[in-house]
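Coordinate inspection notes
Each chain, written out:
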Amino acid sequence: QVQLVESGGGLVQPGGSLRLSCAASGSYVGFTSMAWYRQAPGKQRELVARVMSGGSTNYADSVKGRFTISRNNAKNTVYLQMNSLRPEDTAVYYCNAAAFVAGPVPSNYWGQGTQVTVSS
C-alpha cells in the first residue's frame, strides 16, 4: 500500500505564492505518475498538474504559467509551486499517485487533502 501525506496549504492573499508538498511512503515498486488535483465547493475534482515517471508534465489551462509541478525521486516527494494565486484557486488540493504495488497494473492512491484559500 501507499500513503500520501500533503502539507503546505493555508491562507494567502491574491497574487501570493504557496508551495505544496506530498510525501509518499509504504510498499511499492515505483510510480507511473504523481499529480495534484483540486476540488472547490460544489465543483468536481479536477486535475491541476501531473508529472510522469519520465519527467514530462501537463497542466490544466487555468494554471499554466503560474503553477509548477516537480518531483524529487530520492525523497519520494512531489511539489506544487503555486504563484500569482487567484481567489478561484481556492480549493482542497489532493495528491494522487499511480503506483506499482503488486503486478503490472498500477493502482491509484490519494492523500487526505490540504486546504488552499486565496482571499484578501
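With respect to the overall build of the chain
Summing up its helical and strand segments, the chain has 0 helices and 11 strands in all. Its C-alpha atoms give the chain a radius of gyration of 14 Å, within 12% of the compact-globule value 14 Å for 120 residues. Overall size of the chain, expressed as C-alpha extent along the three principal axes, is 50 × 25 × 25 Å. Of all 120 residues assigned to the chain, the portion counted as buried reaches 40%. When the accessible surface of the chain is totalled, it reaches about 6,100 Å², and 49% of it is carbon and sulfur. Computed over 10 positive and 5 negative side-chain charges, the separation of the two mean positions in the chain equals 6 Å.

Looking at the pattern of salt bridges
Applying the stated criterion to the full structure yields 4 salt bridges. Close ionic contact of R38 with D89 constitutes a salt bridge, the shortest N to O distance being 3.0 Å. Here R38 is found in strand β4 (residues 30–39), whereas its partner D89 is found in the loop between β8 (77–82) and β9 (91–100), with 51 residues between them in sequence. For the pair formed by R38 and D89, the shared burial category is buried. The partner of K64 in a salt bridge is D61, with the nearest N and O atoms 3.1 Å apart. Assigned by exposure class, K64 and D61 land together as exposed.

Looking at the packing of aromatic side chains
Considering all chains together, one arrives at 2 aromatic pairs under this definition. Consider the rings of Y28 and F31, whose centres lie 4.6 Å apart with planes at 45 degrees: the pair is tilted. A ring pair is formed by Y37 and W110, whose centres lie 4.9 Å apart and whose planes are at 65 degrees; its orientation type is edge-to-face. On the criterion of sequence distance, the pair formed by Y37 in strand β4 and W110 in strand β10 (residues 107–110) is long-range, its members being 73 residues apart. Assessed through its relative accessible area of 16%, Y37 is described here as buried. Accessibility expressed as a relative area gives 35% for W110, which makes it partly exposed.

About the cut-offs
Residues numbered from 1 in each chain as written. Predicted model: local features only at pLDDT ≥ 70, side-chain atom pairs only at ≥ 80, totals over all residues. Heavy atoms only, no water. Helix = DSSP H or I, 4+ residues; strand = E, 2+ residues; numbered from the N terminus. Rg over C-alpha atoms; globule rule 2.2 N^0.38 Å. Buried < 20%, exposed > 50% of the residue type's maximum accessible area, 1.4 Å probe, protein only. Areas by Shrake-Rupley, 256 points an atom, 1.4 Å probe, with all protein chains shown as cover. Lys, Arg positive; Asp, Glu negative; His and termini not counted. Charge placed at Lys NZ, Arg CZ, Asp CG, Glu CD. Salt bridge = Lys/Arg side-chain N within 4 Å of Asp/Glu carboxyl O. Phe/Tyr/Trp six-rings, centres within 6.5 Å; stacked < 30°, edge-to-face > 60°.

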